[in-house]
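Below are the chains, spelled out letter by letter.
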There are 2 protein chains.
Amino acid sequence: MATIKDIAEAAGISIGTVDRIIHNRGRYSRATADKVRRIMKELNYSPNIHARGLKKTRNYSFAAVIPEEYQDSGYWKLVADGINRASEELSSFCKKAEMYHFDRYSSDSCVHTLKSALDSGCDGILIAPVIPEAVQDVLGDADIPFLFIDTDIPDENKRIAYIGQDSYQSGVLSGKLMLMMLKKEVTNNGEYILIIDPPGSNYHLKSRIAGFRSYMEKNCTSLMLKQVKIDTDDERLFHSEIAGHIKETEQLPCGIYVANSSVYYLASYLEKLTEKYTGIPVIGYDLIPGKERFVENETINFILTQQPEEQARLGLMMLYDVLVLNRHPESEVIMPLHIITKENLHTFRKEIFQTG
Amino acid sequence: MATIKDIAEAAGISIGTVDRIIHNRGRYSRATADKVRRIMKELNYSPNIHARGLKKTRNYSFAAVIPEEYQDSGYWKLVADGINRASEELSSFCKKAEMYHFDRYSSDSCVHTLKSALDSGCDGILIAPVIPEAVQDVLGDADIPFLFIDTDIPDENKRIAYIGQDSYQSGVLSGKLMLMMLKKEVTNNGEYILIIDPPGSNYHLKSRIAGFRSYMEKNCTSLMLKQVKIDTDDERLFHSEIAGHIKETEQLPCGIYVANSSVYYLASYLEKLTEKYTGIPVIGYDLIPGKERFVENETINFILTQQPEEQARLGLMMLYDVLVLNRHPESEVIMPLHIITKENLHTFRKEIFQTG
DNA sequence: CTATTATGCGTGTACGATAACGCATTCTAC
DNA sequence: GTAGAATGCGTTATCGTACACGCATAATAG
């Protein structure tokens, strides 16, 4: 591997000059710069990351600004886990990541939290801009690099990257799996699919449901779709609300689609019911530690996930790459859409719960 | 983070002595060693990987011993890709990985190839022990660390790790998906599922098929399973062999399960047939670059994969961790079992075809 | 009691990139 | 025409670890 010393020798100058040219720092002549850049390409130079890491001039610190962990049915807990893991990994390079939580339903809270993060003097920020306007307001005069996870603000061209998921497509996929599970030809005698629109109303929920509906409408016109909005994020209240929709006295749904991880609330409800209710196909989102049981016993038939932990972890790693290593990662990363079911659940555990 | 300098100061000695104690090298007194080790624990010392990597004392070299790329329907090409990628990643640390191929049906070839790999003076070997006895014979007197991918030899306790897949479970999962795709209640009027037992006979093929049969036998006794052995690994010959089993004049299978990546040969065959044949549910294995089309147009309905590229990449990275960084990774890693279908294919491309 | 070996430990340098510092030379201004 | 600024570039110390070298002192032999 070529080093800057090799380049300096080849160009007949000193390593200091090469360094200045590489980093656009200090003073150098145009001619020398051109020559150095040409030689760098010829020698296929790439900096030695160890040497670079060794000379730790600064202790970079990052901030992660995301909603409260319990919101969106515990989804943000998963994101927080990813941040914590990244934080540990980075700690060996003397880098720190601080987490800031805000109320995803309060623009004020978002603005406020984001401002304190900026004021903390960190060198880079990872943000979940679930309230785009609030975030854009504050970021207007920010001068440090930032990166979005979960939700994108495409016209925010100062962001260094977006890491997210294809929610619409996950809805489409859910539709496909749902239809596959309905073995018998569907008749039009009142049978229906229940779509549960979970508490909170965000972009992902909407587009997941839109994807699901789109698939169903294209591939199964005979089946009714009944969509209900649930307004509580508390498990017990969820149960009583859902009880109003799944009644012994009325026809049961022939399939249930829950657009986020509150599918586990539904599962704990279904589990307590009599045999009559069992076997209804259920599709939902996200692997929640400690709740694998519902997938194992097939109360939930399919879980889709685009690895929220990994999204967060990747985000922080990207900040590190950009700030510390001076790299230029992809500006948009869409996570793979994983299908998890009883039969492959155990092969995912380690990856998702331990190392990513 | 504490450095050896901190330790030396705390112990009132020089860094040279600390170094010798850490590495059990040279001479030092018992008393000093005890003191140093105590202080190391107190200060929670862990070596700076950058500093360690920077001082490239040796150019470690690794060997990867796997079957010929074209064998097992091109499966080993994927593994080779993973090795090449790992090799590139490692090259920035001045480490090299050399690939050795053998004929997976020849014990002699395996023994011979493995021996040359050992003789090459490499510092660690990654092996796909598809012929366990041959591998064990040669490894008996090997004194360098080795690691298995793809196939395990559990009683080989000298291996530092095994990276593999749960093939039985992937068969079970295939069974589930297959039954889900057969929408109509299955009658017993001659309908059957075609199981294609691809060329080559290895542990994974057998256990995938066993898993598939097991699921079908438990969950769908009414359906016949017709298993056919294909003996050629050439696409055109495959087509003519399969033509003997899927005939216009006879009843068509209501589903086809191909136990490895030769599912793409089947797909190219099915694609050329008349409309009558289309729509048969097909399940197979592995994402082959350039053949995504068959999943997109749903000639193949589901692809299962346990990321052969990633298995190989991980294997080499582990060798690096063990040999160069002195770490102790997991001794057994089972890769996640991914389900890929038209609707999530595009989210996987980047991960599988670029960065892993 | 000296000659030799063994033992414990300190010094110095290398690894590659970084970045502060400062020396020359050239350019500009009055 | 010379002071002062601007420009181009070389030198050097630093990060933490690895490891060769070699200096002392202690132990042992003759």
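Just so it is clear, the structure is predicted and the values come from calculations on it, not from any experiment.

Procedures and definitions
- Residues numbered from 1 in each chain as written.
- Chains lettered and ligands numbered in written order.
- Predicted model: local features only at pLDDT ≥ 70, side-chain atom pairs only at ≥ 80, totals over all residues.
- Heavy atoms only, no water.
- Contact = heavy atoms within 4.5 Å.
- Buried area = accessible area lost by both parts, 1.4 Å probe.
- Salt bridge = Lys/Arg side-chain N within 4 Å of Asp/Glu carboxyl O.
- Polar contact = N/O pair within 3.5 Å; in protein donor to acceptor, adjacent residues only side chain to side chain.
- Helix = DSSP H or I, 4+ residues; strand = E, 2+ residues; numbered from the N terminus.
- Nonpolar A, V, L, I, M, F, W, Y, C, P; charged D, E, K, R; others polar.
- 1 Å grid on protein atoms, 1.4 Å probe; cavity = no way out; pocket = protein on both sides within 12 Å on 5 of 7 lines; lining within 4 Å.
- Points joined across faces, edges and corners; volume = space filled by probe spheres on them.
- Phe/Tyr/Trp six-rings, centres within 6.5 Å; stacked < 30°, edge-to-face > 60°.
- Buried < 20%, exposed > 50% of the residue type's maximum accessible area, 1.4 Å probe, protein only.
- Lys NZ or Arg CZ within 6 Å of the ring centre and 35° of its normal.
- Near = heavy atom within 4 Å.
- Pairing = 2+ DSSP bridges.
- Axes fitted to C-alpha atoms, helices over the stretch in contact; angles between N-to-C directions.
- Domains from an automatic or database assignment.
- Least-squares fit on C-alpha atoms with pLDDT ≥ 70 in both.

K.L.:
Tell me about the interface of chain A and chain B, and name the residues and values.
P.N.:
Taken residue by residue, the interface counts 46 residues in chain A and 47 residues in chain B. In total, about 3700 Å² of surface goes out of reach between chain A and chain B, with carbon and sulfur atoms giving 61% of it. Linking chain A to chain B there are four salt bridges. Note that B:Glu298 and A:Lys176 form a salt bridge whose closest N and O atoms lie 3.4 Å from each other. The interface formed by chain A and chain B holds 16 residue pairs in polar contact (both at pLDDT 80 or more) in total. Secondary-structure elements contributing two or more residues to the side of chain A that touches chain B are α4 (49-54), α8 (167-181), β11 (332-334), β12 (338-340) and α14 (345-355) of chain A. Grouping the amino acids of the side of chain A that touches chain B by side-chain chemistry returns 22 nonpolar, twelve polar and twelve charged.

K.L.:
Explain the side chain of A:Gln71 to me, using residue names and the numbers behind them.
P.N.:
Residues and elements named next belong to chain A. Here Gln71 shows up in helix α5 (residues 71-91). For Gln71, the side chain forms a polar contact with the main-chain nitrogen of Arg104, separated by 2.8 Å. Apart from residues no more than four positions distant in its own chain, Gln71 is found in contact with Trp76, Phe102, Asp103, Arg104, Tyr105 and Asp233.

K.L.:
Describe empty space enclosed by the protein, and please don't skip the residues or the numbers.
P.N.:
Residues and elements named next belong to chain A. Inspection of every chain in the model, using the stated rule, returns four cavities of 30 Å³ or more. Each pocket or cavity is described by its volume, and for the largest cavity that value is around 110 Å³. Lining the largest cavity are Asp72, Tyr75, Trp76, Arg104, Val130, Asp150, Gln165, Asn202, His204, Leu205, Arg208 and Asn260. Of all elements in the fold, only α5 and α9 (203-219) reach the threshold of two or more residues within the lining of the largest cavity. Among the residues forming the lining of the largest cavity, the class breakdown is four nonpolar, four polar and four charged.

K.L.:
Kindly report on the packing of aromatic side chains, identifying the contributing residues and their values.
P.N.:
Under the criterion given, the structure shown has twelve aromatic pairs over all chains. Relative to A:Tyr257, the ring of A:Phe212 has its centre 4.1 Å away and its plane inclined at 10°; by these criteria the two rings are stacked. Here A:Phe212 is found in helix α9, whereas its partner A:Tyr257 is found in strand β8 (residues 255-258), with 45 residues between them in sequence. Across the pair, exposure class does not vary: A:Phe212 and A:Tyr257 are buried alike. Ring geometry for A:Phe238 against A:Tyr265: centres 5.4 Å apart, planes inclined by 70°, an arrangement best described as edge-to-face. Here A:Phe238 is found in helix α10 (residues 235-243), whereas its partner A:Tyr265 is found in helix α11 (residues 263-272), with 27 residues between them in sequence. For the residue pair A:Phe238 and A:Tyr265, the accessibility class agrees, reading buried in each case. Three or more aromatic residues link up through ring pairs in this structure, and these residues are A:Phe212, A:Tyr257 and A:Tyr285. If you follow A:Lys176 out to its NZ or CZ, it ends over the ring of B:Phe302, 5.4 Å from the centre. The lysine or arginine in question, B:Arg293, covers the ring of B:Phe294, its NZ or CZ lying 4.3 Å from the ring centre.

K.L.:
Summarise the pattern of salt bridges; cite the residues concerned and give the values.
P.N.:
In the structure shown here, the tally under the stated rule is 28 salt bridges over all chains. We note a salt bridge from A:Arg85 to A:Glu310, for which the minimum N-O separation is 3.9 Å. One end of the pair, A:Arg85, is in helix α5; the other, A:Glu310, is in helix α13 (residues 308-323), and 225 residues separate them in sequence. Accessibility assignment for this pair places A:Arg85 and A:Glu310 in one class, buried. With its nearest N and O atoms 3.5 Å apart, the salt bridge here joins B:Lys229 to B:Asp197. Of this pair, B:Lys229 sits in strand β7 (residues 224-229) while B:Asp197 sits in strand β6 (residues 192-197), and the two are 32 residues apart along the sequence. You can call B:Asp197 buried: its relative accessible area is 15%.

K.L.:
Residues and numbers for the protein's contact with DNA strand D, please.
P.N.:
Contacts to DNA strand D come from 26 residues, most closely from A:Ser14, A:Arg20, A:Lys55, B:His23 and B:Tyr45. If you look at DNA strand D and keep only atoms within 4 Å of the protein, 56% of those are sugar or phosphate atoms. B:His23 is positioned such that a nitrogen or oxygen atom in its side chain is 2.6 Å from a phosphate oxygen of DNA strand D. Contact between DNA strand D and B:Tyr45: a phosphate oxygen at 2.6 Å from a side-chain N or O atom of the residue. Contributions of two or more residues to the surface near DNA strand D are made by α2 (15-22) of chain A together with α4 (49-54) of chain B. Per-element accounting of the surface near DNA strand D gives the leading share, four residues, to α2(A). Within the surface near DNA strand D, the residues separate by chemical class into eight nonpolar, nine polar and nine charged.

K.L.:
I'd like a rundown of the sheet that holds strand β1 (residues 61-67) of chain A, residues and numbers included.
P.N.:
All names here are of chain A. Taking strand neighbours across the sheet as the criterion, the six strands line up as β2-β1-β3-β4-β5-β11 in an open arrangement whose pairing is parallel. Looking at the sheet topology across the chains shown, the edges are occupied by β2 (96-102) and β11. Pairwise comparison of adjacent strand axes, ignoring direction, gives a mean angle of 15° for this sheet. Sheet analysis places strand β4 (residues 146-149) next to strand β5 (residues 162-164), joined by two bridges and oriented parallel. Bridge pairing in β5 links Phe148 to Tyr162. On the sheet, helix α6 (residues 107-119) packs against β1, β2 and β3 (124-127) and is oriented at approximately 160° with respect to β2.

K.L.:
Give a description of the domain arrangement of chain A that names residues and reports values.
P.N.:
As far as domains go, chain A holds domain 1 (4-46), domain 2 (61-165 + 308-336) and domain 3 (167-305). Distance from the C-alpha centre of domain 1 of chain A to the C-alpha centre of domain 2 of chain A: 35 Å.

K.L.:
Account for the relation of the copies chain A and chain B, naming residues and giving values.
P.N.:
Overlaying chain A with chain B gives an RMSD of 1.0 Å, the required rotation being 179° about an axis along which the chain moves by 0.7 Å. Each copy turns onto its partner about a two-fold axis. With an isologous cut-off of 70% or more, the 98% of interface residues of chain A that recur at the interface of chain B puts this contact in the isologous class.

K.L.:
Provide a residue-level description of unusual backbone geometry, including the pertinent values.
P.N.:
Residues and elements named next belong to chain B. A positive phi angle is found at Ser73, which is not glycine, with a value near 55°. Within the secondary structure, Ser73 is located in helix α5 (residues 71-91). Residues other than glycine seldom take positive phi values, yet Glu298 does so here, at roughly 60°. Of note, Glu298 is situated in the loop between α12 (293-296) and β10 (302-305).

K.L.:
A description of α11(A) should follow, citing residues and the corresponding values.
P.N.:
All names here are of chain A. Among the ten residues that make up α11, eight are buried, leaving the element largely enclosed by the rest of the structure. When α11 is considered as a whole, its buried residues turn out to be Val263, Tyr264, Tyr265, Leu266, Ala267, Ser268, Tyr269 and Leu270. Looking at the buried positions of α11, the neighbouring elements they touch are β6 (192-197), α10, β8, β9 (282-285), α12 (293-296) and β10 (302-305).

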